[in-house]
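Here are the chains, one letter per residue:
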Amino acid sequence: MDDNLFFKEATLLICSSLDVEVALWRSFQFLRNVLPADAMYLNIYEPSTGSIRYVAMADHTGGRKIEKSITLPDSLIHDIESGRRLQNYLVINEPEKDPMGRVITKELDLDNHSFIALRLFIEKQRLGVIDLFAKGSNMYTEEDAARLAQLREPFAIAMANALKHQELIELKEKLVSDNRYLSSELLSRSGDEVIGAEGGLQEVMDKVKQVSHLKNTILLMGETGTGKEVVANAIHRLSPRCNEPFIKVNCGAIPEDLIDSELFGHEKGAFTGAVSQKRGRFERAHKGTIFLDEIGELPPWAQIRLLRVLQTQEIERVGGSPPIKLDIRVIAATHRNLQKMVEDGTFREDLWFRINMFPITIPPLRERQEDIGPLTIYFIEKKSRMLGIHPAPQVDPYAIAGLARHSWPGNVRELENVIESSLIQHRQGPLHFQRQGEQATTVKEGLLQSTGTIVPLDEAIRHHIGQALSFTGGKISGRDGAAALLDIHPNTLRNRMQKLGIQFGR
Ligand SMILES: Nc1ncnc2c1ncn2[C@@H]1O[C@H](COP(=O)(O)OP(=O)(O)OP(=O)(O)O)[C@@H](O)[C@H]1O
């Protein structure tokens, strides 16, 4: 075979795979037709430990990854580092007479083998060495070595790519496992405890235990801030899926034109901006649980898609992937009256039937006053830890009794916020919540004032909106915004504010 053909064919094989062991095996198969060859090894020199690490090998049985480190004597390390030992290649026909040959053939169990060591460089950086072995003494000529040396560059490029690829795969696996660990950590930190499980949420938790081990769809209903996400977490944690992902989707927070790709993913180039393939939330939740919060906010076309996914348990990424089969437990949640939305024609009846098979209603905080004390203590401890307040301040028992008098339109979230701001203001303690408590009721008081003293309607509304805004710190949208508190759309609230001359901002 002439040199050109040899180079061309060998290069094609060497570069034919990103798996280092496959590339090595294919090139070994080719080389053994041209040169004496019983085995081929790839090693990487590790200057920090003064060792060479064999990472892959090929022989007549195939190619495989290996993990074998050989620590070299100081004299050899010095030879390698100074570049004296090995130029482009080295032929060792009598390994027992060569210090490096002795170490390598002994460690690799290749006594009485000749070998050629081919040094690989990438951009002047030492990458590693390919060793080609043949059984017997004096098996290689200088000509053989020079021929093999023609392949230094393709070998170096292919091996560098293969090693980088392997590193990426290992990194990816590490990230996936870190991600699993962190998700479960997050889960246990954010919702480990359901306060009131033995109090005002006892009935809710009885239902949770009844179905947590099953795969049926669950619908959680309740006012904003009552703890629907906390209960969804509890269902996942008590289920056989607890070590798999728990993926939350806030259906109301995704811009309409991104719903499809957020939920179901997209292929590269599916639309402008889809620069790479992306897995959607459903795919990420495979084997675990997906929590579809604020399901009532989904536009009608998205409701149809969701229904189809629930029926088939299959998704297709935007841009046309083949259907992907999924194993997912669905928990939906809403603070809206979905039945009324079905009657009004804004929520599909078939989807409603599909998700309403096992509804759980979480009562508002005002209907389970016995939970206020335990929740207050829990939040004082949790928030003190978060804010770095040690020890957690004492609380006046009368202050807790005062909290029970409020109506808590924002439910547990509102209580949590009140406690947090009280902690910030009175970090030395004792904690009292009067100011915040008053704020908590002012929204309601606003309404009472307007009904009690017959003020003009616009004025009452202005006052009412103002109270809601002061309660949320000026925030309009989002689940802790004034619009959610007043149970209207943020745009409606903005229009009203404009009309009534209420200033925007905190
Ligand atoms: N029973 C509970 N035990 C401990 N913490 C709770 C409990 N209920 C609610 N919380 C806390 O109150 C806050 C609001 O709860 P969550 O987000 O679960 O409410 P939600 O009903 O899902 O609200 P939304 O309808 O606005 O999405 C969270 O910080 C949550 O950790």
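Small disclaimer: the values here were computed from a predicted structure and weren't measured.

Draft legend 1. Quick look at the overall build of the chain. Scanning the chain from terminus to terminus reveals 20 helices and 13 strands. Taking the contacts inside the chain whose residues are at least 6 apart along the sequence as the reference set, 66% of them involve residues at least 24 apart.

Draft legend 2. Local environment of the site of the ligand. In the vicinity of the ligand, 19 residues are found, and the nearest of them are Ile195, Gly227, Lys228, Glu229 and Val412. Looking at the shell around the ligand, the elements that each hand over two or more residues are α8 (228-237) and α16 (411-425). Classifying every residue of the shell around the ligand by side-chain character gives five nonpolar, seven polar and seven charged. Residue-level mapping places the shell around the ligand at the junction of two domains, with at least three residues from each of domain 2 (193-361) and domain 3 (366-500).

Draft legend 3. How the structure looks around the sheet that holds strand β5 (residues 113-122). Read across the open sheet, the six strands follow the order β3-β2-β1-β6-β5-β4; overall the sheet is antiparallel. Two strands close off the open sheet at either side, each with one partner strand: β3 (62-71) and β4 (89-92). In this sheet, adjacent strand axes meet at a mean angle of 20° when their direction is disregarded. Across the sheet, helix α4 (residues 99-107) touches β3, β4, β5 and β6 (125-135), and the angle it forms with β3 is around 125°.

Draft legend 4. Structural detail: the pairing of strand β1 (residues 39-46). Examined bridge by bridge, β1 and β6 share five bridges and lie antiparallel to one another. Residue pairing across strands places Met40 opposite Leu132, the latter belonging to β6. Taken together, the eight bridges between β1 and strand β2 (residues 51-59) define a ladder with antiparallel strand orientation. Its bridge partner lying in β2, Leu42 is registered against Ala56.

Draft legend 5. Looking closely at unusual backbone geometry. The step from His390 to Pro391 runs through a cis peptide bond, and the omega angle for that step is -15°. One non-glycine residue, Asn112, lies in the positive phi region at around 55°. Inspection of the secondary structure assignment puts Asn112 in the loop between α4 and β5. Of note in the backbone geometry, Asn411 takes a positive phi value of approximately 55° without being a glycine. Position of Asn411 relative to the elements: it lies in helix α16. You can call Asn411 buried: it has 22 C-beta atoms within 10 Å.

Draft legend 6. Spotlight on the nonpolar core. Of all hydrophobic cores here, the largest spans 44 residues; its most connected members are Leu24, Met40, Leu132 and Phe155. Sorting the residues of this core by element identifies α1 (3-14), α2 (20-31), β1, β2, α4, β5, β6 and α6 (152-191) as the ones contributing at least two each. Counting 38 residues, the second-largest nonpolar core is a separate cluster that includes Leu219, Ile290, Leu298 and Val330.

Draft legend 7. A look at the environment of Phe358. By the secondary structure assignment, Phe358 is in the loop between α13 (349-355) and β13 (359-361). In the structure, Phe358 is positioned 140 residues away from Ile218 in sequence and 5.1 Å away in space, judged by C-alpha atoms. If we skip the residues at most four places from it in the chain, Phe358 touches Val211, Asn216, Ile218 and Leu219.

Draft legend 8. Expanded view of the confidence of the model for the chain. Per-residue confidence for the chain gives a mean pLDDT of 84; residues scoring 70 or more make up 89%. As a predicted assembly, this complex carries a pTM of 0.58 together with an ipTM value of 0.98.

Draft legend 9. Layout of the pairing of β6. Note: β5 against β6, 10 bridges, orientation antiparallel. Across the sheet, the residue bridging to His113 is Lys135, located in β6. Joining the antiparallel neighbours β5 and β6 is a turn of two residues, in which Glu123 adopts a positive phi near 40°.

Draft legend 10. Spatial organisation of the sheet that holds strand β12 (residues 329-334). Judged by pairing direction, the sheet is parallel, and its five strands sit side by side in the order β8-β9-β12-β7-β13 without closing on themselves. Looking at strand neighbours, the two that pair on one side only are β8 (246-250) and β13, the edges of this open sheet. When strand polarity is set aside, the average angle formed by the axes of neighbouring strands in this sheet is 20°.

Draft legend 11. View of the packing of helix α14 (residues 372-387) against α16. With their axes 9 Å apart at the nearest point, α14 and α16 run at an angle of 50° to one another. Of the possible angle classes, the one that applies to α14 and α16 is oblique. In the packing of α14 onto α16, the handedness of the crossing is right-handed. On α16, the residues touching Ile372, Leu375, Thr376, Phe379, Ile380, Lys383, Ser384 and Leu387 of α14 are Val412, Leu415, Glu416, Ile419, Glu420 and Leu423. Looking at side-chain class alone, the contact of α14 with α16 contains nine nonpolar, two polar and three charged residues.

Rules used in this analysis
- Residues numbered from 1 in each chain as written.
- Predicted model: local features only at pLDDT ≥ 70, side-chain atom pairs only at ≥ 80, totals over all residues.
- Helix = DSSP H or I, 4+ residues; strand = E, 2+ residues; numbered from the N terminus.
- Contact = placed C-beta atoms within 7 Å.
- Near = placed C-beta within 6 Å.
- Nonpolar A, V, L, I, M, F, W, Y, C, P; charged D, E, K, R; others polar.
- Domains from an automatic or database assignment.
- Pairing = 2+ DSSP bridges.
- Axes fitted to C-alpha atoms, helices over the stretch in contact; angles between N-to-C directions.
- Buried ≥ 20, exposed ≤ 12 C-beta atoms within 10 Å, placed from the backbone.
- Core = buried A, V, L, I, M, F, W, Y, C linked by C-beta atoms within 7 Å.
- pLDDT = per-residue confidence, 0-100.
- Parallel < 35°, antiparallel > 145°, perpendicular 65-115°, else oblique.
- Left-handed = near helix turned anticlockwise from the far one by under 90°.

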